[in-house]
Every structure is written in C-alpha cells, then in structure tokens.
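Architecture at a glance
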Amino acid sequence: MSTDPTPAMTFHPQPEPGTPSPWAFPRPDRTTLANGITVLYCDRPGQQLVAVDVLLDAPLAAEPEGLDGVSGILARALNEGTDTLTAEEFAAELERTGATLDAHADHPNIRVSLEVPASRLQRGLTLLADALRAPALPENEIERLVANRLDEIVHEQANPARRAAKALYADLFDAADRLSRPRGGTADTVKAIDRAAVKAFYDAHIRPATTTVVVVGDLTGTDLPALLETTLGTWTGTPAAPSAHAPVTADDTGRVIIVDRPGSVQTQLLIGRIGPDRHDDAWAAQILGTYCLGGTLTSRLDRVLREEKGYTYGVRAFAQPLRSAADGSGRAMLAISGSVDTASTAPALADTWTILRTLAAEGLTDAEREEAVQFLVGVAPLKYETAGSVAGTLADQVEQYLPDDYQSEVYRQLAELGTAAATEAVVAAFPPDRLVTVLVGDAAVIADPVKKLGIGEVTVVTS
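These notes cover the structure that comes with them. (Residues numbered from 1 in each chain as written. Predicted model: local features only at pLDDT ≥ 70, side-chain atom pairs only at ≥ 80, totals over all residues. Heavy atoms only, no water.)

**What about helix H7 (residues 195-205)?**
Within the span of H7, buried status applies to Ala197, Val198, Phe201, Tyr202 and His205. The arc enclosing the buried residues of H7, seen along the axis, measures out at 135 degrees, which places them on a common side. Contacts from the buried residues of H7 go to helix H1 (70-77), helix H3 (121-133) and helix H4 (139-158). (Buried < 20%, exposed > 50% of the residue type's maximum accessible area, 1.4 Å probe, protein only. Helix = DSSP H or I, 4+ residues; strand = E, 2+ residues; numbered from the N terminus. Arc of directions from axis to C-beta. Contact = heavy atoms within 4.5 Å.)

Printed below as a string of structure tokens:
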C-alpha cells in the first residue's frame, strides 16, 4: 500500500491561444429592384436589430431659389403620416412594430433611417415604403415643422459653435454655392416654405429610380430581395438621371473673421479650409496625421493648449467630406475646433500656429504614428459592432461614389502607412498661411491682440 496521500494526477498541456482572425469591414451584396431601387445588403447573424438606410436623390443644391430648408422640412415630414394613416396612427404603428424612423437632409441627399427587429422586418419595410410612396404631408404638420425650424434657427444663432460654422462656410465658399448657406435654411427662406413647396420638391426629386437602400442585420431565413419587392418594390415613379454635383471650390486665403459677442467670457475657435476627400490617395495618411495633430487628448494640440497651458477643455482637428461627384471629384472640410477663455484667445492662436509650424519643420514621431494606428485600426471592430454603424458607413460610401470595399482598403492602408507619409499629409492639410479663422467672442477684447499675430486680415461682423 502506498503511503503517499497525494492522488495520482494527470497533467494536460496548457492551451495555447489561436491565431486571431483578420477583421475586415463587411462587403455588401447588391441587387436592383424592378422599380429601379439599388439595394446593398449585409447578413450579420446575431444582430437582431436590422438597420435600413435609404438615400433619396434630393441634394440641397436642388432646392428652389428662396426656399433653402425645404429639403429638411420634407425629410421631417416623411413620418408625419401616409395616404392611409394619420401622423398619430403612423407613429403608433411604428411603436407597435418596435421600429424607429428618422430622416435628415444634407448636401448630397435626404437620408431616411429605419431600425426594426428582424422578426418584424416585413412590417417595418411596409411602413417605410408607405412613407416614401405616399407621404400625407398634412398642411398643419408642415406649418408645425416650419415653426419648429424657425425656433431652432434662433437657438443656433445663440450657439457659438453653430454660429462659427455658419460664418466659416459663408466666408469660405462663393455665395452662389449652396455650401455657403445653412443646411436648414435661414429664417427668411424657411418662413416662405408651405405645403405646396414641400409637395413640389417631393414630386420633383423623390422617386425609386434614383434611390439606394442599404440593409444590414440578421437576415437568416429571409429572402431579402423578394421581401423588398413586396414592400419598397411597390413604390413606383418616373425614370430620372441621378443628380450631378458641382465641383467644390473655396478661397482659403489666410484671414480672420470675428463674430462679435460683447461680454462673452469665452471665444469659440473654428479654423478651416478645404482639402483632399476620400477619393484622394492621401486620405488615409491625412486621417492618420490629423489624428496625431488633434484627434485625442494626447494629440499635439490638446497636449499644449489643454494640458500645458490650460486654455481649453479640449480642441480637435478633423476632416469632413463635403460633396462628391460621380467622376470621383470632391473636397473635404479640414478644420480645428475648440473654445478658450477670452483672455487666452490670442495666446491660444499663437500656440496653434507654432504647433503647425513645428510640425512642418520637425514632423511627427514614430511613437505618435504608432499610437494613432493602434487606436484607429484597433477600434474598428468595436466601432462597427452594430448594424446601424455598418449601414451608415455603407450609405456614406454610396453617396460619395466609393467602391464597396473602400472601408477595408482604408484600414489596410492605415496599418501600413509610415510616419513620413502621415507627416506630409497633415502638413499639406493645415498650412499656417492658408487657414480661415473664425472667432465667436468679444471683439473689443480680442481683435487687437489677434491682429498683432499676423495670421491674416481681421474682419469683425455682428452676430
């Protein structure tokens, strides 16, 4: 008999981690419905909330003269009832279906977004089809939407960030370009909008032949093309060619516009110009370099203006595509945005220009590049966990005339880009002598110190 109290044990090899599967942004399947609607769809097993994005070819540039904002009013009116349901009944049907419907108008198009449980996808698509095919556009609801928009304009005028954006776009772009004017219209143009104007805009621009639908979610057991034919496929309309978008041009001569807010204790900063958009070979490098400049709390702008100097709670640099054409031409807004206390306005601008000049002279570091790549590429699988985020990105690609594999290609480029390429792109994006600076603040306090910086002619406008 053994005297060893320890029982015999069998030791198994420690499991080794497997090789992680490479991640790639999902590539959609495509089909076209009999009525001309283009469809992109992705089956995402497990994503029980299906996202549907509809792109309606009604760009802001198509709005009639003097009716800026009519596209936005139409977008809001698309869930205000149909030819068979009142606004209250339509809202109740959406609620019973567990669905939400939202719409907004931007320079490329009107985008309608539906989210609905996969188990009720047919009912959700039927309600969406009814809203697109035969919106009621009741006169009293149009009047209410116009009144709401007029109230919003008042609030936007009081919001320093919105006011800065309005001033930048108005000064950067030619007055004849729709980009120069507020997306939702001005008080004068919105006041002129009535039901007849909304209905005329709908009749002129909303039709299946120029519409694209993106569907993302768990489509297990669903014959999506057949389901779409019985829902959105029942919408009929006249043939039409897609809208043509004019090239984007701007005057980025270095200058400063101060929107006077007497007594303001803070100054809102918005520094911008136009540059390459997603069609340009430099786009991925520009993303990387811009992130290093002002994309995070550890970026150069935040490190100096926030951490070292305490001028601001945060400042960001970004690139936002504006308007693309089918031939691949397009431009993006490149900007730096933040707010500082009034007394620090000129010092903050001086430090910003020093950061930009130092960046041009010395370049980014390999450590900055590595940190940016780890975040931008590493966060992508989390960023696109939901069906809505995937659908929204696919819709962005459609409206910007990009190929279906575009997003995956950008992430591949980001992972491979070197420090020199990122430096070259961000230096080209933010040349210190070609930036239009908008300051919303107390002109009596900030104008003279800003003039002494020599960053461009200073003009003061009233709010």
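From this point, things continue past the structure.
**Let's talk about the packing of aromatic side chains**
Scanning the model with the defined rule gives six aromatic pairs in all. Ring plane angle 80 degrees and centroid distance 4.9 Å describe the contact between Phe25 and Tyr384, whose orientation is recorded as edge-to-face. Here Phe25 is found in the segment before strand E1 (29-32), whereas its partner Tyr384 is found in the loop between helix H13 (380-383) and helix H14 (387-399), with 359 residues between them in sequence. Across the pair, Tyr384 and Phe25 agree in class, each one buried. (Phe/Tyr/Trp six-rings, centres within 6.5 Å; stacked < 30°, edge-to-face > 60°.)

**So, the nonpolar core**
In terms of nonpolar packing, the biggest core is built from 66 residues, with Leu293 and Phe430 touching the most fellow members. When sequence neighbours within four positions are dropped, the list of residues in contact with Leu293 reads Ser299, Arg300, Leu301, Ala317, Ile336, Ile355, Leu356, Leu359, Val426 and Phe430. With 55 residues, the next largest nonpolar core counts Leu33, Ala75, Ala103 and Ile193 among its residues. (Core = buried A, V, L, I, M, F, W, Y, C linked by side-chain atoms within 4.5 Å.)

**Concerning the packing of H1 against H7**
What describes two packed helices is the angle between their axes and the distance between those same axes. Between H1 and H7, whose axes approach to 9 Å, the crossing angle comes to 85 degrees. Accordingly, the angle class assigned to the pair H1 and H7 is roughly perpendicular. The residues of H7 that touch H1, namely those facing Val70, Ser71, Ile73 and Leu74, are Ala197, Val198, Phe201 and Tyr202. In the contact of H1 with H7, the residues fall into seven nonpolar, one polar and no charged. (Axes fitted to C-alpha atoms, helices over the stretch in contact; angles between N-to-C directions. Parallel < 35°, antiparallel > 145°, perpendicular 65-115°, else oblique. Nonpolar A, V, L, I, M, F, W, Y, C, P; charged D, E, K, R; others polar.)

**Considering the pattern of salt bridges**
Counted by the stated rule, this structure contains 33 salt bridges. Among the salt bridges present, the one from Glu399 reaches Arg111, with a minimum N-O distance of 3.0 Å. Here Glu399, found in helix H14, pairs with Arg111, found in strand E5 (residues 110-117); they are 288 residues apart in sequence, far enough to count as distant. Given a relative accessible area of 16%, Glu399 falls into the buried group. Arg111 sits in the buried class, given a relative accessible area of 9%. In this structure, Asp252 and Arg434 form a salt bridge, with 2.5 Å as the shortest nitrogen-oxygen distance. Of the two residues, Asp252 is situated in the loop between helix H8 (224-230) and strand E7 (255-260) and Arg434 in the loop between helix H16 (419-429) and strand E11 (436-441); the sequence distance between them amounts to 182 residues. Several salt bridges share partner residues, and in doing so they unite Arg76, Arg149, Glu152, Glu156 and Arg162 into one network. (Salt bridge = Lys/Arg side-chain N within 4 Å of Asp/Glu carboxyl O.)

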